Structure formats: C-alpha cells, structure tokens
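# Structural description and commentary
Chain by chain, the residues:
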Amino acid sequence: MLHLYWGDGKGKTTAAMGLALRALGHGRRVVILQFLKDGSSGEIEMLRRCGAVVYACPNAKFTWLMTDAERAEARRTNTRTLQTILQGSFDLLVLDEAGSAWELDMVDKALLQKAVLARPAAQECVLTAHAAPRWMLEAADYVTEMKCCRHPYQKGIAARKGIEY
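Quick summary incoming for the structure in this document.

## Some points on the overall build of the protein
- Per the secondary structure count, the protein includes six helices and six strands.
- Element order for the protein, N to C, with α for helix and β for strand: β-α-β-α-β-α-β-α-α-β-α-β.
- The C-alpha radius of gyration computed for the protein amounts to 15 Å, which stays within 12% of the reference 15 Å derived for 165 residues, consistent with globular compactness.
- Within the protein, the fraction of its 165 residues that count as buried is 42%.
- If you take every contact in the protein between residues at least 6 apart in sequence, the share linking residues at least 24 apart comes to 71%.
- Only carbon and sulfur atoms are counted for the fraction: they give 53% of the accessible area of the protein, which is about 9300 Å².

The following block contains the structure:
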C-alpha cells in the first residue's frame, strides 16, 4: 500500500513516523529517508533505538538559503541514498518530504518514481509532501490532506523543542 500525507497543515511527518513506530512494534523492518531534513528531530533518535534505519540530508537547510553547489550536493546525496536504500530489504519505506524533493529537483525524479511505483507488492511506502505531484495523488492508496486552519506561527510564536521539532 502507498500512503500519502500532504498539505499545508502540521502533522505529515508526525503521522508518517507514527506509522513507522507501529510497524517497528510489530517486528517490521523500517527504512526512513528525510530528503530535506537533517535527521535531528526528536522522534528520529527514538525510531533508531527501536530499529529503524534512518537517512537524512547532512547539509539540510532551507533550499532558498542554499548555494547552487549546496543544492547540487544535496541532490547527489539524496539520489545516492535512495539508490542504496533500494538495494536493501525492508517492509516499510518512509520518504519524508518526497513531494518537496520532487518539486525542487532535489532527487533524481525517475529513481523516486521507481522507488514508489515499482516497489514489491508487499512493501508499504509512506510519502509526505506540502504540494503533492499528481502522480503521487493518483498512485496512493491512502491520501490524507493536512489542512492548516490555525497555527501559532501566525501569531509569531516559535516552534517548541520536543513538541513541534
């Protein structure tokens, strides 16, 4: 099955990581790739302790703050990491920020589509995206749109460590 959590609301990564934790609790092999994140959020360490294999983008920062060279290196890293992952064996693959990686050309697009669309039938896959490309929306078995109705950031309140990041 293919899961897609997308939209401008909070909770996409949280939902994906919750599913990963559930899978780990049932003895499943879980691999997570965070395309545009550095792997430092609080849930990642706990998922690793529970047996998840987690990859992140080591030079992650907002893409509009990246130089062309940094963008190119992040793209190469994401593509190499996804190639490595696809050579392994796992039950659940979480591709966090897959929609943004697609939209911003931060991964080889053909490889990303192959990872999602040509995966073994028994392999579960979760994608997160702010703006989901049409092919993700059409391919997904579960589609959940997270819509922001209100957010503390709109009032100038910063994210709280341990809660939002």
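## Some details on the packing of helix α3 (residues 68–86) against helix α5 (residues 109–117)
- Contact geometry of α3 with α5 gives a least axis separation of 10 Å together with a crossing angle of 30°. When the axis of α3 is compared with that of α5, the two are roughly parallel. The crossing of α3 and α5 is left-handed. Within the contact between the two elements, α3 uses Arg75, Thr79, Leu82, Gln83 and Leu86 and α5 uses Lys109, Leu111, Leu112 and Ala115.
- Of the residues in the contact of α3 with α5, the class split is five nonpolar, two polar and two charged.

## So, unusual backbone geometry
- With phi around 70°, glutamate 97 is a residue other than glycine that occupies positive phi space.
- Tracing the sequence through the fold places glutamate 97 in the loop between β4 (92–96) and α4 (98–103).
- Glutamate 97 gets classed as buried once you look at its relative accessible area, which sits at 11%.
- Positive phi, close to 55°, is recorded for aspartate 105, a residue that is not glycine.

## Describing the nonpolar core
- Residues Phe35, Leu82, Leu95, Leu112 and Leu127 are the most contacted members of the largest nonpolar core, which totals 31 residues.
- Listed in part, the 17 residues of the second largest apolar core include Leu19, Val54, Val126 and Met146.

## Side note on the sheet that holds strand β2 (residues 30–34)
- Read across the open sheet, the six strands follow the order β3-β2-β4-β5-β1-β6; overall the sheet is parallel. The two strands at the open ends of the sheet, each matched to only one other strand, are β3 (53–56) and β6 (142–146). The average undirected angle you get between the axes of adjacent strands in this sheet is 10°.
- In the packing of α3 onto the sheet, the strands contacted are β2, β3 and β4, and the crossing angle to β2 comes to about 170°.

## Section: the packing of aromatic side chains
- The tally for this structure, following the rule as stated, stands at one aromatic pair.
- Residue placement shows lysine 109 over the ring face of tryptophan 102; its charged tip is 4.9 Å from the ring centre.

## Comments concerning the side chain of arginine 119
- Among the structural elements, arginine 119 can be located in the loop between α5 and β5 (124–129).
- A polar contact of 3.2 Å, which involves the side chain of arginine 119, links it to the backbone oxygen of methionine 1.
- Those residues in contact with arginine 119, other than ones at most four positions away along the chain, are Met1, Leu2, Lys114, Glu124 and Cys125.

## Topic: the environment of glutamine 113
- Looking at the secondary structure, you find glutamine 113 in helix α5.
- For glutamine 113, a relative accessible area of 26% corresponds to the partly exposed category.
- For glutamine 113 and tryptophan 102, which are eleven residues apart along the polypeptide, the C-alpha to C-alpha distance reads 9.4 Å.
- Each residue touching glutamine 113, except ones within four places of it in the same chain, is listed here: Trp102, Ala118 and Trp135.

## Structural notes on the pattern of salt bridges
- Summed over all chains, the structure comprises eight salt bridges.
- With a closest N to O distance of 3.6 Å, arginine 80 and glutamate 73 form a salt bridge.
- Ionic pairing is found between arginine 134 and glutamate 138, a salt bridge with its closest N-O pair at 3.8 Å. One end of the pair, arginine 134, and the other, glutamate 138, are both in helix α6 (residues 134–139), four residues apart, so they sit about a helical turn from each other.
- Residue classification places arginine 134 among the exposed positions, given a relative accessible area of 60%.
- Judged by relative accessible area, which is 58%, glutamate 138 ranks as exposed.

Criteria and cut-off values
- Residues numbered from 1 in each chain as written.
- Predicted model: local features only at pLDDT ≥ 70, side-chain atom pairs only at ≥ 80, totals over all residues.
- Heavy atoms only, no water.
- Helix = DSSP H or I, 4+ residues; strand = E, 2+ residues; numbered from the N terminus.
- Rg over C-alpha atoms; globule rule 2.2 N^0.38 Å.
- Buried < 20%, exposed > 50% of the residue type's maximum accessible area, 1.4 Å probe, protein only.
- Contact = heavy atoms within 4.5 Å.
- Areas by Shrake-Rupley, 256 points an atom, 1.4 Å probe, with all protein chains shown as cover.
- Axes fitted to C-alpha atoms, helices over the stretch in contact; angles between N-to-C directions.
- Parallel < 35°, antiparallel > 145°, perpendicular 65-115°, else oblique.
- Left-handed = near helix turned anticlockwise from the far one by under 90°.
- Nonpolar A, V, L, I, M, F, W, Y, C, P; charged D, E, K, R; others polar.
- Core = buried A, V, L, I, M, F, W, Y, C linked by side-chain atoms within 4.5 Å.
- Pairing = 2+ DSSP bridges.
- Phe/Tyr/Trp six-rings, centres within 6.5 Å; stacked < 30°, edge-to-face > 60°.
- Lys NZ or Arg CZ within 6 Å of the ring centre and 35° of its normal.
- Polar contact = N/O pair within 3.5 Å; in protein donor to acceptor, adjacent residues only side chain to side chain.
- Salt bridge = Lys/Arg side-chain N within 4 Å of Asp/Glu carboxyl O.

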